[in-house]
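# Structural overview
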Amino acid sequence: MRINSVHALSRTLATTLVAMLLVVLATATSASAQQQVSTTAGAKGRDQAAIDEALDSWWTASMKAHDQRIAWWRDAQFGCFIHWGVYSTFGGEWNGKPFKGYAEHMMRIQKIPRAEYAEKVVSVFNPVKFDADAWVKLIKGAGMKYVIITAKHHDGFAMYPSAVSKYNIRDATPFKRDPMRELSEACRRNGIRFGFYYSHAFDWEEPNAPGNDWDYDNPGGDKNLHGGVTWFDQHPELLPKAQRYVDEKAIPQILELLRNYHPDILWFDTPGKLPLSENLRILKAIRALDQNVVVNGRLARGMGHFFGDYKNTSDRAAEIVPTEGDWETIPTTNESYGYHKYDLSHKPVSHFIQLLAKAAARGGNVLMNIGPMGDGLIDQKDQEILRGIGKWLAVNGSSIYGGERTPLPVQAWGETSLKRDKLYLHVFDWPRNGRLELGGLKNAVTSAYLLADPLKKHLQFRRLNDSDVVIRVPRMGPDSSDSVVVVEVVGPIKANPVRLLSSRTQPNVLRSFDGELHGAGLRYGDGKSFRAYVFEWSDPKEWIGWPVRLNEPTDYEVALKYTTGSQDNRGIYEVVVGDQRLNASVVPTPNENESATVVLGRVKLAPGNYEVVVRPVDVRGGELMRLFHISLTPVGTK
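Attention here is on the structure that accompanies the text. Counting from 1, residues in each chain are numbered in the order their sequence is written. With pLDDT at 70 or above as the cut-off, local features in this predicted model cover only qualifying residues; side-chain atom pairs require 80 or more to be listed or tallied, and sums for whole chains, interfaces and linings still use all residues. As a convention, hydrogens and water are excluded, and side-chain values are obtained from all of the structure's heavy atoms.

Let's shift gears to the side chain of H426. Numbered from the N terminus, helices here are DSSP runs of H or I no shorter than four residues, and strands are runs of E no shorter than two. Assignment of secondary structure puts H426 in strand 14 (residues 422-427). Only protein chains enter the accessibility calculation, which uses a 1.4 Å probe. A residue is then buried if its area is under 20% of the maximum for its type, exposed if over 50%, and partly exposed in between. With a relative accessible area of 0%, H426 lands in the buried category. Separated by 2.8 Å, the side chains of H426 and S417 make a polar contact. Beyond its immediate sequence surroundings of up to four residues, H426 is in contact with A357, W392, S399, I400, W413, G414, E415, T416, S417, D482, S483 and V484. We call two N or O atoms a polar contact when they sit within 3.5 Å, provided that within protein one can donate a hydrogen and the other can accept it, with sequence-adjacent residues counted only if both atoms are side-chain atoms. Pairs of residues are marked as contacts when any of their non-hydrogen atoms sit within 4.5 Å.

Printed below as a string of structure tokens:
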């Protein structure tokens, strides 16, 4: 009995202790959750207060001069982005071994300690062959109207003599000149607008700044310390440290650049490394000093608000993500922004010419990057690309500069750009039968001629119907990249927005970026060649459509280009055109960066209006697929 009583007492005590422990854990968990909610609410309050202040006072006041401030930028259309710094000496190589990725990120990729970077990278930078006038001559010859160069990139090094930090080109390198001064003056002598890139949120040299987590216990780096991308919300006690960097280095250097060089534009990057409140504080300091400098879209944005003078699309875009308002895309000649001697993936000149036309059609600018070498010379491959673009723009520049967004739909043969009463037809795929069909133009046409023809020889044209015009063109176009036909019209442009399908010589490529997305979950990729798709297609009720029409009965071969994000993506989809359906199963691609093109079959269409629809039948593995485009090629066309 006594033994049993002891056992019973023990069980009672154990049960009581467990119950008490559970209560303590529950209380702690509840307190932690409440603290997390409180922290998140505090962070939102911090940023909301900064937003309210901006909207109620200084930012709204600054936007009164917005159109005047940005007018030159809108007319320019084409600029030169330059990533040049102490990393350029190494060209994508460290300790005798090449590395992958952006060459300008060498310090981060190789996790080079700050002291070693200063000793082995900074102290040897000596670009004795730098010639600002030679750079500007090449840039101007390429048809570029503005220049933006890295005054300070993520490595924290100032490429100009800074009174704020001794970590600068005059005090820390054998090169005692001021290349930013020389370049800005050369630009102004040649009528080119000038500005700076400044890394305000990333600084791998600065102990107080986000980014360097191999020398310091800092957030914002590859290790995702202290909560990763939302470190300032999860650990607001760390924010004062970053604020010291903003107060003692970032803002003073930005104001120093404004006072000493009077740039036309400032370009910022990686705003997510700091909270919106800090980014707005930086913008407020800029606007307090200079109401005329243009500020790009990567300084202050978030919580449903955008505080830049224009928007920036993603890096290295090959296709244009649909973007409203003023915007800019930033391609680079290969796949690195800083000079990378092992990256030989340079695009052809035609890629950039056609990108210029696509941007002009959609109301945006192209800021094309080059990465000069560490000795101060520009890589010969970049020079060839610039000269090739300049040769085309010397003939066709009026089709790019000073234009506006076209109201016409995408054409089978290319794009259209608009300037007042002139339409410029950018023909990438020249019609071999001499019939150039312009779809969607309702205005009366008064003249048509080749922009490359100095005599403006009249091209015959006739109206097919109230929306379409056919122009008789030579059998061969004047330029294999983009032959431009000028069409002069009466009055403001009136358009039929429904795309006209080619029934004759050109395949019709219906890009996802040009389609209509039906579903809140569908998202655009960033526009890089391997991510120019629509993705996160997980809802079987979501679909993509393209309103189209055709004037002649035509048989089309239908093909589709896609990739998958997982080997589990093995769903079924259908393509619907009118009452015709083509079904197919998704076959997973080897990885998300490789695509597949599948021929689905044929459809036979009579003249009329249709909607080409791609929709899921069965979604498997969490996502249907990632769709680049669907193509309808007239049967018999190669």
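Having seen the model, we can carry on.
A few words now on the packing of aromatic side chains. Each Phe, Tyr or Trp ring (for Trp, its six-membered ring) is paired with any other whose centre lies within 6.5 Å, and the angle between the two planes then decides the class: stacked below 30 degrees, edge-to-face above 60, tilted in between. Counted under the stated rule, the structure contains 23 aromatic pairs. With 6.5 Å between their ring centres and 70° between their planes, F81 and Y337 make a pair best called edge-to-face. With F81 in strand 1 (residues 78-82) and Y337 in the loop between strand 11 (327-330) and helix 12 (349-361), this residue pair connects regions lying 256 residues apart in the sequence. There is no split in this pair, since F81 and Y337 are both buried. By way of ring pairs, the aromatic residues F81, Y102, Y197, W267 and Y337 are connected into one cluster. The ring of Y401 has K145 sitting right over it, with the charged end atom 4.6 Å from the ring centre. Placement of a charge over a ring requires the Lys NZ or Arg CZ to be within 6 Å of the ring centre, with the centre-to-atom vector within 35 degrees of the ring normal. Looking at K561, its charged tip hangs above the ring of F628, at a distance of 4.9 Å from the centre.

What follows concerns the nonpolar core. Nonpolar side chains in soluble globular proteins tend to be buried together. Core analysis: the biggest nonpolar cluster contains 103 residues, and I82, Y117, L183, I286 and M368 have the highest contact counts within it. At 11 residues, helix 10 (residues 239-261) tops the list of elements feeding residues into this core. With residues up to four places along the chain from it excluded, the contact list for L183 reads I82, F130, A132, W135, V136, V147, I149 and F194. Ranked by size, the runner-up nonpolar core spans 30 residues in total, among them Y556, Y562, V603 and L624. Each nonpolar core is a collection of buried residues, namely Ala, Val, Leu, Ile, Met, Phe, Trp, Tyr and Cys, held together in the definition by side-chain atoms within 4.5 Å.

Right, let's get into the packing of helix 6 (residues 132-141) against helix 8 (residues 179-189). In this analysis, axes come from line fits to C-alpha atoms, helices being fitted only over the stretch in contact, and the angle between any two N-to-C directions falls in the range 0 to 180 degrees. Close contact between helix 6 and helix 8 brings their axes to 9 Å; oriented N to C, the two are set at 45°. One element, helix 6, and the other, helix 8, form an angle in the oblique class. Where helix 6 crosses over helix 8, the handedness of that crossing is right-handed. Residues A132, D133, W135 and V136 of helix 6 pack against E182, L183, A186, C187 and R189 of helix 8. Amino acids are sorted into nonpolar (Ala, Val, Leu, Ile, Met, Phe, Trp, Tyr, Cys and Pro), charged (Asp, Glu, Lys and Arg) and polar (every other residue, Gly among them). Its residues assigned to classes, the contact of helix 6 with helix 8 comprises 6 nonpolar, no polar and 3 charged. In these notes the angle categories are as follows: under 35 degrees is roughly parallel, over 145 is roughly antiparallel, 65 to 115 is roughly perpendicular, and the rest is oblique. When the near helix sits turned anticlockwise from the far one by under a right angle, the crossing is termed left-handed; a clockwise turn instead gives a right-handed crossing.

Packing of helix 12 against helix 13 (residues 380-396) brings their axes to within 9 Å, and their N-to-C directions diverge by 45°. When the axis of helix 12 is compared with that of helix 13, the two are oblique. Where helix 12 crosses over helix 13, the two elements pack in a sense that is right-handed. Touching V349, F352, I353 and L356 of helix 12 are E384, I385, G388, I389, W392 and L393, all from helix 13. Broken down by class, the residue content of the contact of helix 12 with helix 13 amounts to 8 nonpolar, 1 polar and 1 charged.

This part takes up the sheet that holds strand 19 (residues 483-489). The strands that make up a sheet pair up through hydrogen bonds in the backbone, lying either parallel or antiparallel. A strand pair is defined by DSSP finding two or more bridges across the two strands. As summarised here, the arrangement of the 4 strands in space is 13-14-19-16, forming an open sheet in which the pairing is antiparallel. Strand pairing shows two members of the sheet lacking a second neighbour, strand 13 (414-419) and strand 16 (445-450), which therefore form its edges. Mean inter-strand twist for the sheet, computed between neighbouring axes without regard to direction, equals 20°. The strands touched by helix 12 within the sheet are strand 13 and strand 14, with strand 13 carrying the most contacts at an inclination of about 55°.

Residue T270 is not a glycine yet carries a positive backbone phi of 45°. As for its placement among the helices and strands, T270 is situated in the loop between strand 6 (265-267) and helix 11 (276-289). Looking at T270, the relative accessible area reads 19%, which means it is buried. Here K456, not a glycine, exhibits a phi torsion of approximately 50°, which is positive.

Treat this as a map of the structure, not an account of what it does.
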